[in-house]
Amino acid sequence: MDLKHLLAKEIADGIIATGIEGRFNSVSCSTAGNYPSMGVSQWEGKRGDNLLSWIDAGRKFMGRSYTDIVDAGELRELQDALNSPQGQHAQREILASDCLEYAEKLMPLIADSKCVIYAGIWCPTSTMVVEIFVKNRIKWGYNVNNLDVLRDVFRDQYWKAADVGEKYQQGYANRAESTYQYLLNHDIDWSVLDV
């Protein structure tokens, strides 16, 4: 395994372990519209339909609104499909692919592996916003290779950069701390790297 794949795996493991985005069976109404936001990375829209296309029992939910699924009394059925072995496998596969992109974008910006993983765990919110956020912090003199500094800037500043409004400020602060605590107590298995 090369470094990019190792970091992508660690980012995916962190997203799943912390439950930062959700659990395998999580389904909520998207903040962007009346459609389901699903799983460990809260996939929605076209990306949500792609996830559902991987799951036999999930295909019937493709293209449907969140309200339609709830009104039909099928929310639990969708949750069960996402949480099934096939649903979990699909989520792990898609997340692994997503996380390769996250690692690829962050590795040129951040040298410290745990800091790459930390910023990568934020990428499901918006890869582009995280990349710009990190670039700006570097430009403004923040040491993005220090986990404490990275936690502080994500806690205090990311909600503004993501333009989500004050109602999400505390949630993002909690995410910053949870992600920090996870990585503080986490050892990377370097033995899987190709020599």
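Above this text is the structure in question.
**Student:** What is the right way to read the side chain of Ser 30 from this model?
**Tutor:** If you trace the backbone, Ser 30 turns up in the loop between β1 (27–29) and β2 (36–38). One polar contact links Ser 30 to Glu 44, side chain to side chain, over a distance of 3.0 Å. Residues contacting Ser 30, with those up to four places away along its chain left out, are Tyr 35, Ser 37 and Glu 44.

**Student:** It is not clear to me how the pattern of salt bridges should be interpreted in this structure. Could you clarify?
**Tutor:** Pairing between side chains becomes possible if they bear opposite charge and their charged atoms approach one another. By the definition in use, this model includes 15 salt bridges. Where Arg 64 meets Asp 68, a salt bridge forms, and the shortest distance between an N and an O atom there is 2.7 Å. A residue is classified by how much of its surface remains accessible, and Asp 68, at 35% relative accessible area, is partly exposed. Between Glu 177 and Arg 151 there is a salt bridge; the shortest N-O distance is 3.2 Å. One end of the pair, Glu 177, is in helix α9 (residues 169–184); the other, Arg 151, is in helix α8 (residues 147–161), with 26 residues separating them in the sequence. A relative accessible area of 30% means that Glu 177 is categorised as partly exposed. Given a relative accessible area of 13%, Arg 151 falls into the buried group. One network of salt bridges, in which partners are shared, links Lys 60, Arg 64, Asp 68, Glu 74 and Glu 77.

Parameters and conventions
Residues numbered from 1 in each chain as written. Predicted model: local features only at pLDDT ≥ 70, side-chain atom pairs only at ≥ 80, totals over all residues. Heavy atoms only, no water. Helix = DSSP H or I, 4+ residues; strand = E, 2+ residues; numbered from the N terminus. Polar contact = N/O pair within 3.5 Å; in protein donor to acceptor, adjacent residues only side chain to side chain. Contact = heavy atoms within 4.5 Å. Salt bridge = Lys/Arg side-chain N within 4 Å of Asp/Glu carboxyl O. Buried < 20%, exposed > 50% of the residue type's maximum accessible area, 1.4 Å probe, protein only.

In short, shape yes, function no, at least from these values alone.
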